[in-house]
Amino acid sequence: MLSKSQFIRGLQCHKSLWLLKHRPELRDQPDAAQQALFDTGHTVGDLACQLFPGGIEIEFDTQNFDGMVEQTRQLIADGVEVIYEAAFKQNGIFAMADILVKNGDGWDVYEVKASTGVKDYHLKDAAVQWYSLSEVLTLGRIHIVHVNNQYLRQGELDIQRLFTIEDITEDVLTLVEDVHEYQAGMEAMLKADEPQMLIGSHCDDPHSCDFKSHCWRDVPDVSVFNLYRMNSAKKFDLYHRGIVQYADIPPTESLSPVQRIQVETASTRQPLIQPHIIQDFMADLVYPLYFFDFETFMEAIPRFDGQKPYMQMPFQYSLHILHESGELEHKEYLGDEHSDPRPGLVVQMLNDLGEQGSIIAFNQSFEISRIRELAKQFPQHADALEALISRFKDLIVPFRNLGYYHPDFNGSFSIKSVLPAMFPNDPELDYKQLEIQNGGMAMDTFANLHRLKDPNQRDSIRQALLAYCRLDTLAMVRIYQSLKQVS
Ligand code: SF4
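Computed from a prediction, not measured in an experiment: that's the story for all the values here.

## With respect to the overall build of the protein
Link 1 in the chain: Within the protein one finds 18 helices and 14 strands.
Link 2 in the chain: Per-residue burial for the protein yields a buried fraction of 31% across its 487 residues.
Link 3 in the chain: A sequence separation of at least 24 residues applies to 70% of the contacts in the protein between residues at least 6 apart.

Next comes the structure, spelled out in structure tokens:
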């Protein structure tokens, strides 16, 4: 017996399904980001039930799938017309339908997804479901219910507009006929020895596989998979030709200039410094220098007026101001977790950023995009916000242009790679010393902060958020000063 999710896993990779059934202890535990995705899925699923009110939910019980199937059967026999999480065990597959709705003599199925559109694997998922359910029910239509990212909340949450329902019946019917064959293949595979499957792009498509620590254990930390902007097919081609470490790469292999520098500096262990490239960048800067960084959060279900699903909501910034005299000032903003952080942020940010001087970000497109969005959302401040954009300078540029390359960048110019390579033993600049260590953690932490009841706990988390964002801009100051010294 396979569950629907196991079947989908088997479609991605037979070995993944085999390991799950025979060696589950090798599976990676979900990280905080994956857990946040699961939680979002549950929240969206619960809310979507309101599209078909008055139904009865089958309680999920990992210890008693047969009981869930029996409850479903009983509800159908009793004439219940809307069932949430209806469970079926048929055709060798255990499948659950998020929402099952009686329609005339048949039943319509609604599968709820937290995504903003229908993905290819949703169709396969629905085909497995149809294959199983159609043995016991007369099915009408099958749909995907997904989040509508064009919905702009104003006032009460409008469930009808928050979701989009797409009928996928025709697509599903073309896929159903293959399900039996796939299932037979998986069942035979599970009775045999572990399949010999090489690692490949399927390890992350459509989902990042949770056996990667096991299957990728022989790939070293520095390998062809770190080559800068090399497409995935070429990386796997090198790997499967036995070219794993940089030293294995033949001189005839075609590499981009950055990739070539990566390979060369990995063997010499010496940074590459080209002062004229750094000087070109420095020549454009105007004091005072405003080192600036936003943090944002996203939610599937908008909480505030003027918010759309999955909209990037700036809630915090840090700003270090470096004056020509060498004086360094720090300013910051962290919105209240219970109200829309944007109005207060816009006012203070415009005040803090003054009217002249370069605004320095690391990978500025993120900050500029947020400012453009804020200009649309707050038209009364649009001119002042738009005026900030021409002042931006991107501190990643001298790195991307190879003004400075350190072998420990390992093919990444993100600040999280650049900083420890340039300042390896500086505890003041070590993200690992912080409670919140990356933007994803900051995002999830703030998005959930309003749920915490204990004000002391909330305050301590707010301090951790401030410390994280402050380091982002302090890091930029130190990187700038270090570049200036070597240029
Ligand atoms: S890591 Fe890749 S090869 Fe290994 S089980 Fe997962 S998908 Fe298959």
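What follows continues from the structure just given.
## Remarks on the packing of helix α17 (residues 439–449) against helix α18 (residues 455–486)
Link 1 in the chain: Between α17 and α18, the least distance of the axes is 11 Å, while the angle of their chain directions is 150°. Here α18 runs roughly antiparallel to α17, going by the angle between their axes. In the packing of α17 onto α18, the handedness of the crossing is left-handed. For the pair formed by α17 and α18, the contact residues are Ala442, Thr445, Phe446 and Leu449 on the first element and Arg458, Ile461, Leu465 and Tyr468 on the second.
Link 2 in the chain: A per-class count over the contact of α17 with α18 returns six nonpolar, one polar and one charged.

## Remarks on the environment of Met441
Link 1 in the chain: Considering the arrangement of structural elements, one finds Met441 in helix α17.
Link 2 in the chain: Separated by 296 residues in the primary sequence, Met441 and Val145 have C-alpha atoms spaced 28 Å apart.
Link 3 in the chain: With residues up to four places along the chain from it excluded, the contact list for Met441 reads Ala32 and Ile436.

## Quick notes on the site of the ligand
Link 1 in the chain: What surrounds the ligand is the set Cys13, Lys15, Ser16, Leu19, Met197, Ile199, His202, Cys203, Cys209, Phe211, Lys212 and Cys215.
Link 2 in the chain: Listed by contribution, the elements that provide at least two residues to the shell around the ligand are α2 (14–22) and α8 (212–215).
Link 3 in the chain: Of the residues in the shell around the ligand, the class split is eight nonpolar, two polar and two charged.

## Details of the nonpolar core
Link 1 in the chain: Ala86, Ile99, Val109 and Trp130 are the most contacted members of the largest nonpolar core, which totals 52 residues.
Link 2 in the chain: Broken down by element, this core gets its largest block of residues, seven residues, from strand β4 (residues 93–103).
Link 3 in the chain: Core analysis: the next-biggest nonpolar cluster, separate from the first, contains 49 residues, Leu322, Ile360, Phe446 and Leu465 among them.

## A closer look at helix α4 (residues 65–77)
Link 1 in the chain: Between its terminal C-alpha atoms α4 stretches 18 Å, which fits the 18 Å expected from 13 residues at 1.5 Å a residue.
Link 2 in the chain: Every buried residue of α4 is accounted for by Met68, Val69, Gln71 and Thr72. In a view along the axis of α4, the buried residues occupy a sector of 160°, so they form one face of it. Exposed residues lying more than 90 degrees from the buried face of α4 are Asp66, Gln74 and Ala77.
Link 3 in the chain: Here the buried face of α4 lies against β3 (82–90).
Link 4 in the chain: At the exit of α4 stands Gly79, carrying a positive phi of roughly 85°.

## Details of the domain arrangement of the protein
Link 1 in the chain: Its domain assignment divides the protein into domain 1 (2–191), domain 2 (218–265) and domain 3 (276–486).
Link 2 in the chain: Taking only C-alpha atoms into account, the centre of domain 2 sits 32 Å from that of domain 3.
Link 3 in the chain: Listed by partner, the interface residues are nine residues for domain 2 and five residues for domain 3.
Link 4 in the chain: Grouping the amino acids of the side of domain 2 that touches domain 3 by side-chain chemistry returns six nonpolar, three polar and no charged.

## Considering the packing of α2 against helix α7 (residues 169–191)
Link 1 in the chain: At a closest axis distance of 10 Å, the pairing of α2 and α7 adopts a crossing angle of 55°. It follows from the interaxial angle that α2 and α7 lie oblique. Two packed elements cross with a definite hand, and for α2 against α7 that hand is right-handed. Residue-level contacts link His14, Leu17, Trp18 and Lys21 of α2 to Met186, Met189 and Leu190 of α7.

## Focus: the environment of Val397
Link 1 in the chain: Within the secondary structure, Val397 is located in helix α15 (residues 397–400).
Link 2 in the chain: With 33 residues separating them along the chain, Val397 and Gln364 place their C-alpha atoms 9.8 Å apart.

## Quick notes on the sheet that holds strand β12 (residues 359–361)
Link 1 in the chain: Within the open sheet, the five strands sit side by side as β11-β10-β9-β12-β13. Their pairing is mixed. The two strands at the open ends of the sheet, each matched to only one other strand, are β11 (328–334) and β13 (392–394). In this sheet, adjacent strand axes meet at a mean angle of 25° when their direction is disregarded.
Link 2 in the chain: When β12 meets β13, the two strands line up parallel, connected through three bridges. In the strand pairing of β13, Ile360 is matched with Lys393.
Link 3 in the chain: Its contacts with the sheet place α17 against β9 (289–297) and β10 (313–322), and it is angled at close to 55° to β9.

## Remarks on α18
Link 1 in the chain: With 32 residues, α18 extends 47 Å between its outermost C-alpha atoms, agreeing within 8% with the 46 Å of an ideal straight helix rising 1.5 Å per residue.
Link 2 in the chain: Listed as buried for α18 are Leu465, Tyr468, Cys469, Leu471, Asp472, Thr473, Ala475, Met476, Ile479, Tyr480 and Leu483.

## Overview of unusual backbone geometry
Link 1 in the chain: Cis peptide bonds are those with omega within 30 degrees of zero, and the linkage from Asp205 to Pro206 qualifies with 5°.
Link 2 in the chain: Tracing the backbone through its elements, the reader meets Pro206 in the loop between α7 and α8.
Link 3 in the chain: Geometrically, the link from Tyr287 to Pro288 is a cis peptide bond, its omega value of -5° lying close to zero.
Link 4 in the chain: Following the sequence through the fold, Pro288 ends up in the loop between α11 (275–283) and β9.
Link 5 in the chain: Despite not being glycine, Asn91 shows a phi value in the positive range, around 55°.
Link 6 in the chain: As for its placement among the helices and strands, Asn91 is situated in the loop between β3 and β4.

Rules and cut-offs
Residues numbered from 1 in each chain as written. Predicted model: local features only at pLDDT ≥ 70, side-chain atom pairs only at ≥ 80, totals over all residues. Helix = DSSP H or I, 4+ residues; strand = E, 2+ residues; numbered from the N terminus. Buried ≥ 20, exposed ≤ 12 C-beta atoms within 10 Å, placed from the backbone. Contact = placed C-beta atoms within 7 Å. Axes fitted to C-alpha atoms, helices over the stretch in contact; angles between N-to-C directions. Parallel < 35°, antiparallel > 145°, perpendicular 65-115°, else oblique. Left-handed = near helix turned anticlockwise from the far one by under 90°. Nonpolar A, V, L, I, M, F, W, Y, C, P; charged D, E, K, R; others polar. Near = placed C-beta within 6 Å. Core = buried A, V, L, I, M, F, W, Y, C linked by C-beta atoms within 7 Å. Expected span 1.5 Å × (residues − 1). Arc of directions from axis to C-beta. Domains from an automatic or database assignment. Pairing = 2+ DSSP bridges.

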